[in-house]
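Residues per chain are reported as follows:
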Amino acid sequence: MSILEANRHGQQLYFADLFRQRRSTPAPPATPRRRHREYPVLHRQLSLVDLTRDIARGQRRGFQDPPDPEFARLLDLAAHEHASAHGWSKTRLNDARKGIRILLSIQDTAGSVIRTTEVSQLEQISLAVQPVLDVLESAGLLDSDRKPALLAWFDRQTESLPGLMRDEVRVWFDVLRLGSTTPPRCRPRAEPTIRLRIRYALPALQAWAADGHTSLREITRDQVKTALPDQGSDRSLVGQALRSLFRLLKARRMIFTNPTTHIRTGRPETRTPMPLRVAALQQALNSNDAAQAVIAASATGGDVRRLCDLFGISVKAAERYAHALGHPKVTGTSHTNPAEVCR
């Protein structure tokens, strides 16, 4: 095409620097989308009024679907996995799934942990609670807020004490249960140890309360000596309990002096098993008579203490075995004294 042909219809004029080339702006990097929310959620929806749920009425009228279907699906999957790993029956699995779905439908905060007290509400409709607790605990979604049985037991044991004395004993109890990082430092004690300490100290505390004392600050050294048993293991164990109590209160500056200082209470008695006639025991074991009473009595001569040491049974059980030896149907005689039968 020539220049004349190209300019046949004229030319378009433009003012300089009025048009700029637009540059394409880069798109922001795409954020990866999560497949599902992270559970449990960190927030919690507060309730204006904390009311008790009427689960029985909800069952009659029907519960709504869980507000977070993804959370419900994950928990249902966790229930199947837990049931398969522990060999649950179909009924137990269905109870757990039903209970979890009910709890999710009444949650104030969807996707949050579930408290133990909330699970206990399922007892209103006679639904098994333990399978639900097992699934939630295995999934890490159980918040155990139930009061330990040890705390309720302590409250019952000390309810007769004056208020100030009860508070002082509770400080000692909390240190036994939780331990302490401040002097005197100690590790948490086992529950049986805590119960024994409280039981051995309680008679003295109740006696002091009955005498009109309202605080352990009023207890003197002579009163501690009076409260201690005269001898034996009981004296040692009561002394250990009271010494532990007053030493802690003195370290916490809750009492002025420790009345148990330099009071000797001894050590618990240790019993050495008495000598045993091994030949008589072997002969009894090889005999055709399998009665345990006859075997024990022939080996111990009817001695109740030897029966306890040898077989690890209680005194009442040893007395029954010793008495059975002298029964006419066992011995074929009219003897009733086990010691005489063994001679």
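This report concerns the structure included in the present document. Just so we're clear, the structure is a prediction, and the values are computed from it rather than from any experiment. Every residue gets a number counted from 1 within its own chain, in the order that chain's sequence is written. With the structure being a predicted model, the display of local features is reserved for residues of pLDDT at least 70 and the display and counting of side-chain atom pairs for 80 or more, all residues being used for whole-chain, interface and lining totals. For the side-chain quantities, the full set of heavy atoms in the structure was used; hydrogens and water were omitted.

Focus on helix α9 (residues 191-210)
Here's step 1: Numbering of helices and strands runs from the N terminus, with a helix taken as a DSSP run of H or I at least four residues long and a strand as a DSSP run of E at least two residues long. Between the first and last residue of a helix there are one fewer steps than residues, each counted as 1.5 Å, and that sum is the expected span. Its 20 residues give α9 an end-to-end C-alpha distance of 28 Å, which sits within 8% of 28 Å, the value for a rise of 1.5 Å per residue.
Here's step 2: The reported bend at a residue is simply the angle between two axes, fitted to the 7 residues ending at it and to the 7 residues beginning with it. Residue L202 marks the point of greatest curvature in α9, where the axis turns by about 35 degrees; the proline P203 follows within four residues.
Here's step 3: Accessibility here uses a 1.4 Å probe with only protein chains present; expressed as a share of the type maximum, an area under 20% marks a residue as buried, one over 50% as exposed, and anything in between as partly exposed. Taken together, the buried positions of α9 are I194, R195, I198, A201, L202, A204, L205, W208 and A209.
Here's step 4: Buried residues in α9 make contact with α7 (149-157), α8 (163-178), α10 (221-227) and α11 (233-251).
Here's step 5: Looking one or two places after α9, you find G212, whose phi comes out positive at around 100 degrees. Two residues qualify as a contact provided that any one of their heavy atoms is within 4.5 Å of a heavy atom in the partner residue.

Section: the side chain of H213
Here's step 1: Along the chain, the position of H213 falls in the loop between α9 and α10.
Here's step 2: A relative accessible area of 15% places H213 in the buried class.
Here's step 3: A distance of 2.8 Å separates a polar atom in the side chain of H213 from a polar atom in the side chain of Q223.
Here's step 4: The residues contacting H213, other than those within four sequence positions of it, are P162, M165, W208, E218, I219 and Q223. Nitrogen and oxygen atoms within 3.5 Å of one another constitute a polar contact, given that in protein one can donate a hydrogen and the other can accept it, and given that sequence-neighbouring residues count only through two side-chain atoms.

Digging into the pattern of salt bridges
Where side chains of opposite charge bring their charged atoms close, a pairing between them can arise.
Here's step 1: Criterion for a salt bridge: a side-chain nitrogen of Lys or Arg within 4 Å of a carboxyl oxygen of Asp or Glu. By the definition in use, this model includes 9 salt bridges.
Here's step 2: Between D134 and R92 there is a salt bridge; the shortest N-O distance is 3.9 Å. Of the two residues, D134 sits in helix α6 (residues 130-138) while R92 sits in helix α4 (residues 90-105), which places them 42 residues apart along the sequence.
Here's step 3: Among the ionic pairs, R177 bridges to D174, the shortest N-O distance being 3.8 Å. Of the two residues, R177 and D174 are both situated in helix α8; the distance of 3 residues between them amounts to about one turn of the helix.
Here's step 4: Relative accessible area serves as the criterion here: at 26%, D174 is assigned to the partly exposed category.

Focus on the packing of aromatic side chains
Here's step 1: For Phe, Tyr and Trp, rings pair up if their centres lie within 6.5 Å, where Trp contributes its six-membered ring, and each pair is then called stacked (planes under 30 degrees apart), edge-to-face (over 60) or tilted (otherwise). What the rule picks out here adds up to 3 aromatic pairs.
Here's step 2: Judged by centre distance (4.1 Å) and plane angle (10 degrees), the ring pair of F154 and F173 falls under stacked. Within this pair, whereas F154 is found in helix α7, its partner F173 is found in helix α8, the two being separated by 19 residues in sequence.
Here's step 3: Above the face of the W88 ring, R92 is positioned so that its terminal group lies 5.0 Å from the ring centre. For a ring to carry a charge above it, either NZ of a lysine or CZ of an arginine must fall within 6 Å of the ring centroid while also lying within 35 degrees of the normal to the ring plane.

Everything listed is a geometric property; what it means functionally is a separate question.
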